[in-house]
Amino acid sequence: MASDGEHEAENWMLSGKTALVTGSTGTIGYAVARKLAERGCSVMVHGTGDREEIDARCAAMRREYGTAVCYSDADIASPEGVRALVQQTEDELGAIDILVNAAAIQYVAPLEEFPLERLRAILDVNLLASIVATQLVIPGMKLRRWGRIINFASTNGLVSSPFKVPYSVSKHGIVGLTKGTALELGEYGVTCNALAPGFVDTPMFREPSSDLARREGVNVEAFMERLVRQKHVIPRLISPMELAAAVLFYCSDDAAAITGTVLPIDAGWTAH
């Protein structure tokens, strides 16, 4: 059994580190931000949403964990917005030690009907923003000879699905970004890994699934249950906190020799 001192050391294992978590006003990113703050990390929360609710969440994290928590609504659909986000993080919290590229958008439609503006938006937010953010944090991480970059891919970065081709393209790109970055940075003590979640209990799963159910003219809840059981060997949705725990592991010293990996947290989806 761990002693109180060991529990305290575990809780503060990231004390003094600064993390930027893109898309952290969303369900998954917020779970990651909370887990990092819980372990003593200063965190830049990023994304869109109701400002009062976001401010209340940030204040709660500061109060509960005693760490610095700031917020940015920078639009990362452009490289300029990504640069502004990174600069704001450095100005308010200091050099970035941990980058979690969690921001993502999705749209569901047959490929031949996919609107070009939607396609471009998916690639800009899901892939290009992650590339640019990674470029910007690399010099400081190399200088300090420590860094953790965790990218959110998807099972759709390992296999694909109908009506999600641009999303799948963006997530396959994240896998390539992860492996290439890991190869370049290993000698500097900087690791880069990715998570490939299956169906997670978030609006990003529920809303497109509802659209597809309506397209087929079937009950939404029954459709979602059928979808989960078709793909997941463990027949349930994945919790955002399960993903946050994996991010925390990748940030720990226990994972210092792990880089270039893509971890499926997919309830057995890609084991088929």
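A short tour of the structure in this document, coming up.

Cut-offs applied
Residues numbered from 1 in each chain as written. Predicted model: local features only at pLDDT ≥ 70, side-chain atom pairs only at ≥ 80, totals over all residues. Heavy atoms only, no water. Buried < 20%, exposed > 50% of the residue type's maximum accessible area, 1.4 Å probe, protein only. Helix = DSSP H or I, 4+ residues; strand = E, 2+ residues; numbered from the N terminus. Pairing = 2+ DSSP bridges. Phe/Tyr/Trp six-rings, centres within 6.5 Å; stacked < 30°, edge-to-face > 60°. Lys NZ or Arg CZ within 6 Å of the ring centre and 35° of its normal. Salt bridge = Lys/Arg side-chain N within 4 Å of Asp/Glu carboxyl O.

Taking burial as the measure, the five residues of strand β2 (residues 42-46) include five buried ones, the bulk of the element. Of the two faces of β2, both are covered, the one formed by Ser42, Met44 and His46 as well as the one formed by Val43 and Val45. With four bridges connecting them, strand β1 (residues 18-22) and β2 associate as parallel partners. Within β2, the residue paired with Thr18 across the bridge is Ser42. Relative to strand β3 (residues 69-72), β2 is paired through four bridges, and the arrangement is parallel.

This part is about the packing of aromatic side chains. Under the defined criterion, the tally for this structure stands at four aromatic pairs. Taking the centre distance of 4.8 Å and the plane angle of 45° together, the rings of Phe199 and Phe205 count as tilted. Of the aromatic side chains, those joined through ring pairs into one cluster are Phe199, Phe205 and Trp269. Here the basic side chain of Lys17 rests over the ring of Trp146, its NZ or CZ set 4.0 Å away from the ring centre. The residue whose ring lies beneath Lys142 is Tyr188, and the NZ or CZ to ring-centre distance is 4.6 Å.

For the structure on display, the rule yields ten salt bridges. Measuring nitrogen to oxygen at the nearest pair gives 3.3 Å for the salt bridge that ties Asp97 to Arg144. Of this pair, Asp97 sits in the loop between α4 (79-93) and β4 (98-101) while Arg144 sits in helix α5 (residues 116-144); the two residues are 47 residues apart in sequence, bridging distant segments of the chain. Using a relative accessible area of 35% as the deciding quantity, one classes Arg144 as partly exposed. Between Arg229 and Glu225 there is a salt bridge, with the nearest N and O atoms lying 3.5 Å from each other. Taken together, the positions of Arg229 and Glu225, both in helix α8 (residues 220-231) and four residues apart, correspond to about one turn of that helix. A relative accessible area of 53% means that Arg229 is categorised as exposed. What makes Glu225 partly exposed here is its relative accessible area of 48%. Salt bridges here are not isolated pairs; linked through shared partners, they connect Lys35, Glu38 and Arg39.

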